[in-house]
2 protein chains.
Amino acid sequence: MTTRREQTSQESRELILTAAAELFAEKGYRQTTFADVAERSGISRGSIPWHFGSKEGLLLAVLERSVQLVRLGVTEAESVEAGFERLVEGLGTLLTLPTTRLFVTLLVEALEPGSPIHGRYLEIHDALREHCRRWLERVPLPPELPADALAVAIVGAGIGIHQQWLLAPDRVDPHRALAALRTLVSAAL
Amino acid sequence: MTTRREQTSQESRELILTAAAELFAEKGYRQTTFADVAERSGISRGSIPWHFGSKEGLLLAVLERSVQLVRLGVTEAESVEAGFERLVEGLGTLLTLPTTRLFVTLLVEALEPGSPIHGRYLEIHDALREHCRRWLERVPLPPELPADALAVAIVGAGIGIHQQWLLAPDRVDPHRALAALRTLVSAAL
């Protein structure tokens, strides 16, 4: 049983995580302060370190939640078995989350093999590729199209479409590009 | 006619640009000093600001040269008219250039619309998409595959494959992924 106190603590945690994900994406990780997070979330400044320790602890918790969201999305898609339509829809939804912009903001730090962020990125990329590969293994692929290599290309298209759109939102329509990707894959299989 | 002095100056400039592109990609822009560039290039430290003014001037010159290299590659591919094989080969070559890693390192700054790097990124993305779109317009595309949207997806795949590989070089084979992309496009058209 969850006590009232535990429930409130869990709610505060969620409010802080949502506010932090938005702020990290908007202002950057370094520029965001505990005071900003307190203001946005409506939770007192003092309770943020109580929940997450340091700012790095907060960042890791934000990323951890994103990993869970991606995994959850992957599992749901699998049970519905609506195939590639669903996968591309999922990519389209991911694009609109503020956390997705955060992944670009943190990319440079994620490339440092020693950084704590590196492992989280590996998990997320692995989850996306794995999901895509498992879907591809259910369709009859020609022998010159190995599922694992194609999964890297498809997940890559999702990543690269997102970044082109962030850089030039008035020139790039990410949903039309994802639709073209879906048509391309359907036509080839 | 080019004088001996002009030729030497041009050679020094090239040596500095090559060294700077490598160092920015390896150590990051902020961590790289004129002393590092001097040591790597063999050109005296004092002549670097003479050529490029500030460190930002040096960075912009490195990016400008990359834009030229991409444009040159695009033009050459166009004249050969070897189509998509050639395009994917070009993407494969781009992946191996140290400058390409630099583009990831600078991505966050490039996303700031006011930054001088932003414009260079737009130019490079536009050149890649334009090249891809022009090639696609030469093949008979089904009406549900508009060339401009497909170009965003294909260039996106190139960008995203590169980043997955940088993050996990032991799990991702970029050349196999590009080959899968090539097979996918050929099969669909």
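Residues numbered from 1 in each chain as written. Chains lettered and ligands numbered in written order. Predicted model: local features only at pLDDT ≥ 70, side-chain atom pairs only at ≥ 80, totals over all residues. Heavy atoms only, no water.

> Could you give an account of the relation of the copies chain A and chain B, naming the residues involved and the relevant values?
Superposition of the two copies of the chain requires a rotation about an axis and a shift along the axis. For the match of chain A to chain B, the screw axis carries a shift of 0.0 Å, the RMSD comes to 0.0 Å, and the turn is 180 degrees. A rotation of that kind, with that shift, is consistent with a two-fold axis. Judged by C-alpha distance, A157 of chain A is the residue of chain A that lies nearest the rotation axis, at 1.8 Å. (Least-squares fit on C-alpha atoms with pLDDT ≥ 70 in both.)

> Please provide a residue-by-residue account of the confidence of the model for chain A, values included.
In the predicted model, chain A carries a mean pLDDT of 83, and the fraction of residues at 70 or more is 87%. Our summary of model confidence lists the complex with pTM equal to 0.82 and ipTM equal to 0.81. (pLDDT = per-residue confidence, 0-100.)

> Break down the interface of chain A and chain B for me, citing the residues and quoting the values.
Taken residue by residue, the interface counts 43 residues in chain A and 43 residues in chain B. Here chain A packs against chain B, burying approximately 3900 Å² in sum over the two surfaces, 70% of which is carbon and sulfur. At the junction of chain A with chain B, the criterion picks out four salt bridges. Residues R176 of chain A and D148 of chain B are paired through a salt bridge, measuring 3.1 Å at the closest nitrogen-oxygen approach. For the side of chain A that touches chain B, the secondary structure elements donating two or more residues are α6 (98-105), α7 (107-110), α8 (116-136), α9 (147-167) and α10 (174-188) of chain A. If one sorts the elements of the side of chain A that touches chain B by residue count, α9 of chain A sits on top with 15 residues. Class assignment of the residues belonging to the side of chain A that touches chain B gives a composition of 28 nonpolar, eight polar and seven charged. (Contact = heavy atoms within 4.5 Å. Buried area = accessible area lost by both parts, 1.4 Å probe. Salt bridge = Lys/Arg side-chain N within 4 Å of Asp/Glu carboxyl O. Helix = DSSP H or I, 4+ residues; strand = E, 2+ residues; numbered from the N terminus. Nonpolar A, V, L, I, M, F, W, Y, C, P; charged D, E, K, R; others polar.)

> Report on the packing of α9 of chain A against α10 of chain A, specifying residues and quantitative values.
Residues and elements named next belong to chain A. Viewed as axis vectors pointing N to C, α9 and α10 meet at an angle of 160 degrees, and their least axial separation amounts to 10 Å. As summarised for this structure, α9 and α10 are arranged roughly antiparallel, according to the angle between their axes. Considering only the axes of α9 and α10, their crossing is right-handed. Residues I154, A157, I161 and W165 of α9 touch α10, and the partners they reach there are P174, A177, L178, L181 and V185. For the contact of α9 with α10, the class distribution of residues is nine nonpolar, no polar and no charged. (Axes fitted to C-alpha atoms, helices over the stretch in contact; angles between N-to-C directions. Parallel < 35°, antiparallel > 145°, perpendicular 65-115°, else oblique. Left-handed = near helix turned anticlockwise from the far one by under 90°.)

> Can you explain the state of the cysteines? Please cite residues and give values.
Enumeration according to the criterion identifies zero disulfides over all chains in this entry. C132 of chain B carries a free sulfur, and the closest cysteine sulfur to it, the one in C132 of chain A, is 20 Å from it. (Disulfide = S-S within 2.5 Å.)

> Requested: an account of the pattern of salt bridges, with residues and values cited.
Per the stated rule, a full pass over the model turns up 24 salt bridges over all chains. The salt bridge partner of E64 of chain A is R120 of chain A, with a shortest N-O separation of 3.2 Å. A residue pair is termed long-range when its members are at least 10 positions apart, and E64 of chain A in helix α4 (residues 55-80) and R120 of chain A in helix α8 qualify at 56 residues. Assessed through its relative accessible area of 23%, R120 of chain A is described here as partly exposed. A salt bridge links K27 of chain B to D36 of chain B, with the shortest nitrogen-to-oxygen separation between them at 3.0 Å. Using a relative accessible area of 18% as the deciding quantity, one classes D36 of chain B as buried. Several salt bridges share partner residues, and in doing so they unite E130, R133, R134 and E137 of chain A into one network. (Buried < 20%, exposed > 50% of the residue type's maximum accessible area, 1.4 Å probe, protein only.)

> Break down the nonpolar core for me, with residues and values.
Formed by 124 residues in total, the largest nonpolar core has its most connected members in L58 of chain A together with L58 of chain B. Non-local contacts of L58 of chain B, meaning those with residues more than four positions away in its chain, are made with I16, L17, A20, F24, F34, V37, I48 and F52 of chain B. (Core = buried A, V, L, I, M, F, W, Y, C linked by side-chain atoms within 4.5 Å.)

> I'd like a rundown of helix α10 (residues 174-188) of chain B, residues and numbers included.
Its 15 residues give α10 of chain B an end-to-end C-alpha distance of 21 Å, which sits within 8% of 21 Å, the value for a rise of 1.5 Å per residue. Capping the start of α10 of chain B is the job of one residue whose side-chain oxygen sits 3.0 Å from the backbone nitrogen of H175 of chain B: D173 of chain B. (Expected span 1.5 Å × (residues − 1). Polar contact = N/O pair within 3.5 Å; in protein donor to acceptor, adjacent residues only side chain to side chain.)

> Could you give an account of the domain arrangement of chain A, with specific residues and numbers?
Size of an interface: often given as the accessible area lost when the parts come together. All names here are of chain A. By the assigned domains, chain A splits into domain 1 (1-53) and domain 2 (62-188). At the boundary of domain 1 with domain 2, total buried surface from both sides reaches about 820 Å², with 65% on carbon and sulfur atoms. The largest contributions to the domain 1 side of the interface with domain 2 come from L17, A21 and A25, which together make up 49% of the buried area. For the pair domain 1 and domain 2, the interface holds one salt bridge. For the pair domain 1 and domain 2, the interface holds two residue pairs in polar contact (both at pLDDT 80 or more). (Domains from an automatic or database assignment.)

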